Amino acid sequence: MVLNKGTTSFDSFTDKTAVIILGGGKGTRLYPLTKSRAKPAVPVAGKFRLIDLPVSNCLHSNLDKIYILTQFNSDSLHRHITQTYRFDSFSHGFVQILAAQQTIDNKDWYQGTADAVRHALRRLDQRRPDHVLILSGDHLYKMDYRDMLRTHIENNANVTISVIPLPRKDCHEFGILQVDERGQVIRFVEKPKEEALLEDLRVPTHLFEDRGIAAEGREHIASMGIYIFDTNTLFESLDSHKGSDFGKDILPSLLGTKSIQAHFFDGYWEDIGTIRAFYEANLALATPVPRFNFYDERFLIYTRPRHLPGAKINQANIRSSVLCEGAIVSGSVVEDSVVGLRSIIEEGAFVSKTVMMGADYYDSPDMRFEDIPDGAPALGIGRRTIIKNTIVDKNARIAADCRIVNQENVSEADGPNYYIRDGIVVIPRGAVIPRGTVI
């Protein structure tokens, strides 16, 4: 079947495609950023949430029937979704959260990616789409899923997996696929390390070139955790196989019995499911020409409008940084950092290679919260405080004359009001750091 993107014929396929975004489990790799919120609700780039990335991709792909599966700390995620993604009364589109719940048929919580979708089948069955697109909620990338849907339809596939080329040295971190000359998947190997096995899994260079991709020394393809199933195959596979994970259980079980097609993608893609990856991906946005472009008006990333004023800079020195709406930076130095919504940086502070998530409100004499101790410093970063290589979560209060630089150069640590993960200091949401603290 040959289809032209943008035609009524192809649009009918997108209209009959449902999307499931996996919200993930407890988000332990992103702790403490997930201490009080679901992983898709973690702020990114100073003003967005992780969930905004896949949802925006869907909307740009004319896919507007979207389910988000989550089970941990879903309050802030639910609030963000309901305040951001609203469709008019003449549209059939929706973005709906399906939180894990116990029922007569299912008395367990989600055990993995496949198990989460298995719990959602009842909702899918009510609408019975022709195709189901399954996405992860913690990846940073832009993709027009219609290209992948085209690959799926034109190859009459039961399942299509989006894959990305990568060099051999990175294979040990991903699920690696082997394909035949038609791009049909014939083998799955999880995080291979042996040289002989890696040699067997090599992809011929012409398979990249045939799809307009320059191999550039890359000889392997990794699963991106993005799948399209025809609905019957999805129902059948989850019913016949009780495995809890798509990559490890369900998809390997379909080899030889179902047509599994690879869709090649060669744009920017980053898994930001760990503190280190999250930190580095955010800081990369502050470089002069970041690989991920939030400034492309042809492919905007949508989020909740907050109607804040522009950032205010009072005699500060700002270098290679992102400043979001409502930030106030006075008489300080900020370099190679992301400064989030309503962030306050006071005079004499020095902020370097730091991700500030900002605040949900400004301090006001009329607003007092029970969880803020008497005498707590103001929101933001106080006078003369030095802060480097740090993630500052929302609503943190860091007093004057602090030094937060991982003084002991430790890799992992838990303190009374901070954490260190992979050498990066994390000041958790709502933390209060007293004056003169050294971390």
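One can find the structure itself at the top, above this paragraph.
I will try to describe carefully the structure that is included in this document.

1. Section: the packing of aromatic side chains
Each aromatic ring pair is characterised by the separation of its centres together with the angle its planes make.
Reasoning step 1: According to the stated counting rule, one finds ten aromatic pairs in the structure shown.
Reasoning step 2: With 6.0 Å between their ring centres and 50 degrees between their planes, F174 and W269 make a pair best called tilted. Within this pair, whereas F174 is found in the loop between β8 (159–166) and β9 (175–179), its partner W269 is found in strand β13 (residues 269–271), the two being separated by 95 residues in sequence.
Reasoning step 3: On the basis of relative accessibility, which here comes to 11%, the residue W269 falls in the buried class.

2. Side note on the nonpolar core
Reasoning step 1: Core analysis: the largest hydrophobic core is formed by 40 residues, its most contacted members being V117, L234 and F246.
Reasoning step 2: Examining the composition of this core, we find that six residues originate from one element, helix α4 (residues 113–127), more than from any other.
Reasoning step 3: Apart from residues lying up to four places away in sequence, F246 is in contact with T113, A114, V117, I134, Y227, F229, L234, L238, L251 and P252.
Reasoning step 4: Core analysis: the next-biggest nonpolar cluster, separate from the first, contains 38 residues, A38, C171, L201 and M224 among them.

3. A look at helix α3 (residues 75–84)
Reasoning step 1: For α3, every residue scored as buried is listed here: S76, L77, H80, I81 and T84. One face of α3 carries all of its buried residues, which in axial projection span an arc of 135 degrees.
Reasoning step 2: The secondary structure elements touched by the buried residues of α3 are β3 (48–49), α2 (52–60), β4 (65–70) and β5 (94–99).

4. Focus on the environment of S411
Reasoning step 1: Here S411 shows up in the loop between β25 (403–404) and β26 (413–414).
Reasoning step 2: Through-space distance from the C-alpha of S411 to that of Q184 is 43 Å; in sequence the pair is 227 residues apart.
Reasoning step 3: Every residue in contact with S411, bar those within four places of it in the chain, is listed here: I420, R421, D422 and G423.

5. Topic: the pairing of strand β23 (residues 386–392)
Reasoning step 1: Where strand β21 (residues 350–356) meets β23, six bridges bridge the pair, whose relative direction is parallel. Residue pairing across strands places V351 opposite I387, the latter belonging to β23.
Reasoning step 2: Note: β23 against strand β28 (residues 424–427), three bridges, orientation parallel. Bridge pairing in β28 places I391 opposite V426.

6. Let's talk about a positive patch on the surface
Reasoning step 1: There is a patch of like positive charges on the surface, built from R29, K191, K193 and K248.
Reasoning step 2: Along the chain, R29 falls in the loop between β1 (17–22) and β2 (43–44).

7. Notes on the pattern of salt bridges
Reasoning step 1: Counted by the stated rule, this structure contains 29 salt bridges.
Reasoning step 2: We note a salt bridge from R202 to E219, for which the minimum N-O separation is 3.3 Å. Taken together, the positions of R202 in the loop between α6 (195–200) and α7 (205–209) and E219 in the loop between α7 and β11 (220–230) put the pair 17 residues apart, joining distant regions of the chain.
Reasoning step 3: For R202, a relative accessible area of 35% puts it in the partly exposed group.
Reasoning step 4: By relative accessible area, which is 27% here, E219 ends up partly exposed.
Reasoning step 5: Taken together, the shared-partner salt bridges connect R168, E195, E199, R202 and E219 into one network.

Definitions and limits used
- Residues numbered from 1 in each chain as written.
- Predicted model: local features only at pLDDT ≥ 70, side-chain atom pairs only at ≥ 80, totals over all residues.
- Heavy atoms only, no water.
- Phe/Tyr/Trp six-rings, centres within 6.5 Å; stacked < 30°, edge-to-face > 60°.
- Helix = DSSP H or I, 4+ residues; strand = E, 2+ residues; numbered from the N terminus.
- Buried < 20%, exposed > 50% of the residue type's maximum accessible area, 1.4 Å probe, protein only.
- Core = buried A, V, L, I, M, F, W, Y, C linked by side-chain atoms within 4.5 Å.
- Contact = heavy atoms within 4.5 Å.
- Arc of directions from axis to C-beta.
- Pairing = 2+ DSSP bridges.
- Patch = residues over 30% accessible without salt bridge, like charges linked within 9 Å, V, L, I, M, F, W, Y side chains within 5 Å.
- Areas by Shrake-Rupley, 256 points an atom, 1.4 Å probe, with all protein chains shown as cover.
- Salt bridge = Lys/Arg side-chain N within 4 Å of Asp/Glu carboxyl O.
- Lys, Arg positive; Asp, Glu negative; His and termini not counted.
- Charge placed at Lys NZ, Arg CZ, Asp CG, Glu CD.

None of the figures reported here should be taken as evidence of function without further support.
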